[in-house]
Every structure is written in structure tokens, then in C-alpha cells.
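So you can see what is in the structure, the chains are spelled out below.
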Amino acid sequence: MFCHSTRDESCRADCARAVLEGLAPDGGLYVPEKIPQVDARAFVNLPFLPLATGVISAILPGISPMEKLVERAYTGKFSSPEVTPTVKAGPFTVLELFHGPTSAFKDVALCMLPQLLTAAKTQEGMKEDILILTATSGDTGKAALEGFRDVPGVKICVFYPEGGVSQVQEAQMVTQEGSNVFVFGVKGNFDDAQSGVKGIFAAADRRLSTANSMNLGRLAPQITYYFKAYGDLLQRGEIAWGQKVNFSVPTGNFGDILAGYLAKEMGLPVGKLLCASNENNVLTDFLTTGTYDRRRPLHKTISPSMDILISSNLERLLYFVSRDTSLVKDLMEKLNKEGHYTLPEALLEKIQAQFWGGWCSDEKGKEIISRVYGDLGYLCDPHTAAGWAVAEEYRAKTGDDTPMVVLSTASPYKFPEAVLSALGEAAPEDGFAALDRLREKTAVPVPKNLLGLAQKPRLHTRVIPKEEMLSCVLGL
Ligand SMILES: *Cc1c(COP(=O)(O)O)cnc(C)c1O
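Cut-off values and rules
- Residues numbered from 1 in each chain as written.
- Predicted model: local features only at pLDDT ≥ 70, side-chain atom pairs only at ≥ 80, totals over all residues.
- Heavy atoms only, no water.
- Core = buried A, V, L, I, M, F, W, Y, C linked by side-chain atoms within 4.5 Å.
- Buried < 20%, exposed > 50% of the residue type's maximum accessible area, 1.4 Å probe, protein only.
- Helix = DSSP H or I, 4+ residues; strand = E, 2+ residues; numbered from the N terminus.
- Near = heavy atom within 4 Å.
- Polar contact = N/O pair within 3.5 Å; in protein donor to acceptor, adjacent residues only side chain to side chain.
- Areas by Shrake-Rupley, 256 points an atom, 1.4 Å probe, with all protein chains shown as cover.
- Phe/Tyr/Trp six-rings, centres within 6.5 Å; stacked < 30°, edge-to-face > 60°.
- Pairing = 2+ DSSP bridges.
- Contact = heavy atoms within 4.5 Å.
- Axes fitted to C-alpha atoms, helices over the stretch in contact; angles between N-to-C directions.

Draft legend 1. Expanded view of the nonpolar core. Ranked by size, the top nonpolar core spans 113 residues in total, and within it Leu60, Ile63, Tyr74, Tyr226, Phe227, Phe247 and Tyr341 carry the most contacts. In terms of residue count, helix 10 (residues 216–235) provides more of this core than any other element does, 11 residues in total. By size, the runner-up hydrophobic cluster in this structure holds 38 residues, among which are Phe98, Met306, Val372 and Tyr413.

Here you go:
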């Protein structure tokens, strides 16, 4: 099966090349020519590994041997044998996506991407090393480092804004082990690091790729856990086959929720997909009015992985609902040049039939963390709290009581300061002290990868001016 760009159907690549390139050469995102149909009823009864094999090979049929790749990606990496377990918490089911090596949901995709990428490289007969460049605001960097560490034929280099990530996140990155990993702090903010990386892509004469969610190879694995969660509800007798389930998804770049849309298009009985934002509520406005407008200040919130004004993967949804590459191209050009666009009414209606948008302030998020812990004994992180808040709001406003799954995208221990303060405690300045305090207070187990992080040797101590990013990369 072939993929093509969201902006031009004649800009085509087979699946292996699409994964290798990440981004289509015309600046669009690769989409499968046709969304595959699967035997969803059989899929939902499978354990995670065979399920992932079925799902990913349906989307990327050219890459093999998928069963082996999936086994290598996930075996021994997740602290739960189910990989993405669900737990019942009060009115909702929580889909826990944070049991991977870095305690963020991005692990589910970034454990698999290196396998897909190296298989694609072999299939395309590419001999030279690939260099993965990633600018990160926190979670992607560590998950990518862990995913690509010691993978033959690949080097990975991560740039993070010095002082722009949480103390726990920084420690996770600078203590990274592996023979092929490089981490640099950049003097500047995330945008500086990001534009630096884009500049290197334009200037450097070597094989580069990226681990961000524009890559189809990162999207495909995420479809798996929607099927898995549905199967869990089925097994517990909470639903019968064919009954619809709603999902509430804490959203930034629109990758995770788009995977839910693909699961639905592949045949899973999904009802509504709830797009949960924080105060950076561009998507809430878009889903309500049809106008996407990024001309607004970026707020720093307690859910930093959702502090984003340009949700790249929305472009794929625009293509899927319109099947019109020239429309997508026009809208994206308008967004780029003028900072906003408005959808034709018919398309907005199509999107609204499947998606519902809401947002959660920091104050509301803290209220949720406190109430859910107090009433149900369940401790959630600020991103998950946004998903929970929007799920509650949706039910109250629509009266739709379809079974609801809330996606939990990070361990509360990644954001101990915010969680402690939500529980009414003065948070210590030091992130590690806050982590210890949260453990004492709640007795919720700390993920293994975060234990002892403060004592681990700091292996990557270089902080560079942004002008030196290119020369750093050339020296690798
Ligand atoms: C990246 C991230 C998100 C947002 O996911 P998208 O696929 O970018 O929408 C939500 N929560 C956490 C903790 C994340 O790291």
C-alpha cells in the first residue's frame, strides 16, 4: 500500500519510505491511501502484542516481519504485562498509558518507532547511519532517547531548552545512557531549539529523520490501545460487542486523538472522541466554531506537554474528512501566512459528528486531582486531569452517558510539584524533594525509572548557544 501527502496525492511513497522520511517533501504529512478495515471484533479479544502486530501491519503493510518487531519493541519494557492497562475509577475507565520506560504515553509509540525505522532502512537498502534530531519541551526527548538507545545504524540527538523543562524531565535526559545518544541544553526557549533543528535539516548534508508525531510510524502503534481498552470493557461485562464507547483524550499535537479516529475508521465501535485542552484552547475554539486561530499568547500551564498552538496532526484529520488535498494545502498555507483559517460548514459538521472539544484551567485541573484522589483514591497527573474534567463537562452538557474511557498520559510523579499543590501541600522548590513528599503523602508507588534519578550520574552536561547547534550535529 502506498502513502501520499495530505497536500498532494501525487506526492507518494511506500510505507517504508514514509516512515524513513517522517515528513513528506512538500511539507505535508503522509497518510495511507486507504484506511484499512480490520476484523475489529476479533482484534479486541487479543492481548497487546498480537493486537499491535495486527493494527500496525494494517496501517504499514510494507514493513516486516511485524510480529518480531513488535516483540522486540515491547518485551520487558513496560512495568505492566498488559502494556496499557485500564482501571475503573468512579464514573470512568482510565486507560493508563504511562507504564513504559519514561512514564509518559509517548513510550508506546517511541518503543516501536526505532523498530519500524530500522526495518524500513534495511528494506530500502539504506547503508549509512540515520541521525534522529529532536527538539523537546520535555516528554518526547526522553522517550525518544530511551527508544533509540543502542539501536544499530541510528544516532539520536536531543535538544532541550535550558531551564525550560521540569527538573525531573531534565534529569531524565541528562542521565541517559547508551552509546549512540547525544543530549544538549540550548540557551533559549523551545521555539529556538525547534527552529534550530529545522535549520539543520535545511543545511546539513546527511541522512536525518525525526521522532516527532508527524511520522506515520509514531501514529500507528497508538491505535492499538483504543482496541485494547474496548476489549477490557467487553471482558469486564460493562459493554456488549458493538456498543459504542467514548474516549476523552488530553491533546496537544492531535496525534493521540487522531489514532482514536483511525481506530474508529478501521471498525472499532467508537462514539465521541473528546478533545481535552488546557488554557491553550485553540482546538476547543476550532471544534466549536470551525475557525482555527493561533494568533494568541502561549500560556505556561501545569500540563506543559499540551502547551501548544499549532496542532500538526489536525492536518491529517482535515484530509480524511475532506479527501481534498488542494483544500488542505490552501488551509495550511493560510495558517502559515495569516495565522488562521475557517473550515467550510459541511466539513465542520462532519468533524463535530465525531469530536467534541473542551478545555480545563489549571485551577480546575487541581480541583479534579484533589477530588479524584479524595473521593476515589486515584492519583492522576495534570494532563489526565484535563481529560477527566472534559469528560465530566461533556456528560453534564449533553446527557450522553455512553461508557467513557479517559486516557491517562503521564505518571503523576513526572509533575510532582503541581500534583502536591493540588493536594493542598506547599510544594518544595526542589523537584526531587517534591517527588519524595508526594510519595510519603500518597503511598502510590514511584515508577522505577524515576527512583534514584537524583543520584544518577549526569552524563550530558553541555549547554550551547543556539548558533552552535549545527556545528554540534556535524561533529557527531
Ligand atoms: C505529548 C503529550 C500529550 C499530547 O499528545 P498529542 O499526541 O501531542 O496530542 C498529552 N499528555 C502528555 C503527558 C504528553 O506527553
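Draft legend 2. Fine view of the site of the ligand. Contacts to the ligand come from 15 residues, most closely from Lys106, Asp139, Gly252, Asn253 and Thr409. A distance of 3.4 Å separates an oxygen atom of the ligand from a polar side-chain atom of Ser305. In this structure, a nitrogen atom belonging to the ligand sits 2.9 Å away from a side-chain N or O atom of Thr409. Considered on its own, the ligand offers 380 Å² of accessible surface; in the complex 97% of this is hidden by protein.

Draft legend 3. Seen up close, the packing of aromatic side chains. Using the criterion set out here, one finds 16 aromatic pairs in the structure. Between Phe159 and Phe184, the aromatic rings sit 5.7 Å apart at their centres with planes inclined by 25°, giving stacked as the arrangement. Placement of Phe159 in strand 7 (residues 154–161) and of Phe184 in strand 8 (residues 181–187) is noted, with a sequence separation of 25 residues between them. The exposure class of Phe159 is buried, given its relative accessible area of 0%. A relative accessible area of 7% places Phe184 in the buried class. With centroids separated by 5.6 Å and ring planes inclined at 75°, the aromatic side chains of Tyr230 and Trp241 adopt a geometry described as edge-to-face. Taken together, the positions of Tyr230 in helix 10 and Trp241 in the loop between helix 10 and strand 10 (245–250) put the pair 11 residues apart, joining distant regions of the chain.

Draft legend 4. View of the sheet that holds strand 6 (residues 130–135). If you walk across this open sheet you meet the five strands as 9-6-7-8-16, and the pairing is parallel. Strands at the two margins of the open sheet, each flanked by one partner only, are strand 9 (208–209) and strand 16 (463–465). The strands that helix 7 (residues 139–148) touches are strand 6, strand 7 and strand 8; relative to strand 7, the one it contacts most, it runs at about 165°.

Draft legend 5. View of the pairing of strand 10. In terms of residue burial, strand 10 counts as a mostly covered element, since six of its six residues are buried. As judged from the five bridges shared by strand 10 and strand 11 (residues 270–277), these two strands associate in the parallel manner. Within strand 11, the position partnered with Ser248 by the bridge is Leu274. Of the pairings in the sheet, the one linking strand 10 to strand 15 (residues 404–408) comprises three bridges and is parallel in character. From the neighbouring strand, Asn246 faces strand 15, where its bridge partner is Met404.

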